[in-house]
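Structural overview for review
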Amino acid sequence: MMKKAIYPGSFDPVTNGHLEIIKRASQMCDQLIVLISVNPNKSSSFSAEERAAFLRKVCYDIPNVRIDSCSGLIVDYFREHDCDIIIKGLRAMSDFETEFQMAHVNKHLCPRAETVFLCADSQSTYLSSSMVRQIAMFGGDISPFVPESIKDDITKRLLIKAAKEDK
Ligand code: ADP
């Protein structure tokens, strides 16, 4: 059994694809930290607090999952919090190339940082946060792609954002 795992990503916002990985990964470890990586140089649609609130809401019934965020290197967090494994989801070959590179870089920076890849469920291989944002911003229905409990909040906030940008 792996002890403490981290699942890092932008989660901007969390989708059914992320949630499916979280559920499977949480069964493989004692504790899973879903880690929102905050990059001040990269613009995001939702603040780290909003992203964390969405994640908390959809993970409330998974007892060994905790939500946290970090603005530095993932391996620094990994080391400081005494983690054992990094979890990543793989959708397609396009994910593989960047994730493969990232896994090697992380291992180079911290030799005990092993990355475990979980293949996306066939239902969500095509699903990304950016696709969800696009659909919602144009007033489309995102209910097949995100958990019901956060669907309206995502749409509302993105529509407000789109209206502000239009001004
Ligand atoms: P994105 O912004 O592309 O949706 P994130 O940075 O939030 O992705 O992704 C965090 C992790 O979750 C990455 O390992 C990514 O490959 C994985 N992931 C993202 N979307 C899915 C999905 N639909 N199914 C499985 N894994 C996913």
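Refer to the structure above for everything that follows.
These remarks concern the structure in this document.

Analysis parameters
- Residues numbered from 1 in each chain as written.
- Predicted model: local features only at pLDDT ≥ 70, side-chain atom pairs only at ≥ 80, totals over all residues.
- Heavy atoms only, no water.
- Salt bridge = Lys/Arg side-chain N within 4 Å of Asp/Glu carboxyl O.
- Helix = DSSP H or I, 4+ residues; strand = E, 2+ residues; numbered from the N terminus.
- Buried < 20%, exposed > 50% of the residue type's maximum accessible area, 1.4 Å probe, protein only.
- 1 Å grid on protein atoms, 1.4 Å probe; cavity = no way out; pocket = protein on both sides within 12 Å on 5 of 7 lines; lining within 4 Å.
- Points joined across faces, edges and corners; volume = space filled by probe spheres on them.
- Nonpolar A, V, L, I, M, F, W, Y, C, P; charged D, E, K, R; others polar.
- Pairing = 2+ DSSP bridges.
- Right-handed = clockwise from strand over helix to strand, strands pointing away.
- Core = buried A, V, L, I, M, F, W, Y, C linked by side-chain atoms within 4.5 Å.
- Axes fitted to C-alpha atoms, helices over the stretch in contact; angles between N-to-C directions.
- Parallel < 35°, antiparallel > 145°, perpendicular 65-115°, else oblique.
- Left-handed = near helix turned anticlockwise from the far one by under 90°.
- Contact = heavy atoms within 4.5 Å.

1. Focus: the pattern of salt bridges
Summed over the entire model, instances satisfying the criterion amount to 12 salt bridges. Note that Arg157 is salt-bridged to Glu50, the shortest N-O span being 2.8 Å. With Arg157 in helix H6 (residues 148-166) and Glu50 in helix H2 (residues 48-59), the pair connects residues that are 107 residues apart, well separated along the chain. Where Lys151 meets Asp152, a salt bridge forms, and the shortest distance between an N and an O atom there is 3.7 Å. We classify Lys151 as buried; its relative accessible area is 17%. Through salt bridges that share partners, Glu50, Asp153, Lys156 and Arg157 make up one connected network.

2. As for the layout of surface pockets
In this structure, the largest pocket spans a volume of roughly 1200 Å³. Every element with two or more residues in the lining of the largest pocket is listed here: strand S1 (2-9), helix H1 (16-26), strand S4 (85-90), helix H4 (93-109) and helix H5 (129-137). In terms of residue class, the lining of the largest pocket is built from 16 nonpolar, 18 polar and 8 charged.

3. A closer look at the pairing of strand S2 (residues 29-37)
As judged from the 6 bridges shared by S2 and strand S3 (residues 65-70), these two strands associate in the parallel manner. Its bridge partner being in S3, Ile36 is matched across the sheet by Ser69. In terms of handedness, the path from S2 via H2 over to S3 forms a crossover that is right-handed.

4. Re the nonpolar core
Membership of the largest hydrophobic core comes to 33 residues, with the highest contact counts inside it found for Ile22, Leu32, Val34 and Ile87. Broken down by secondary-structure element, the contributors of at least two residues to this core are S1, H1, S2, H2, S3, S4, H5 and H6. With 12 residues, the next largest nonpolar core counts Ile33, Ile74, Cys83 and Ala113 among its residues.

5. So, the packing of H2 against H6
Across the interface, H2 lies against H6 with an axial gap of 9 Å and an inter-helix angle of 160°. When the interaxial angle is binned, H2 and H6 end up roughly antiparallel. Seen along the crossing, H2 lies across H6 with a hand that is left-handed. Residues Glu50, Phe54, Lys57 and Val58 of H2 touch H6, and the partners they reach there are Ser149, Ile150, Asp153, Ile154 and Arg157.

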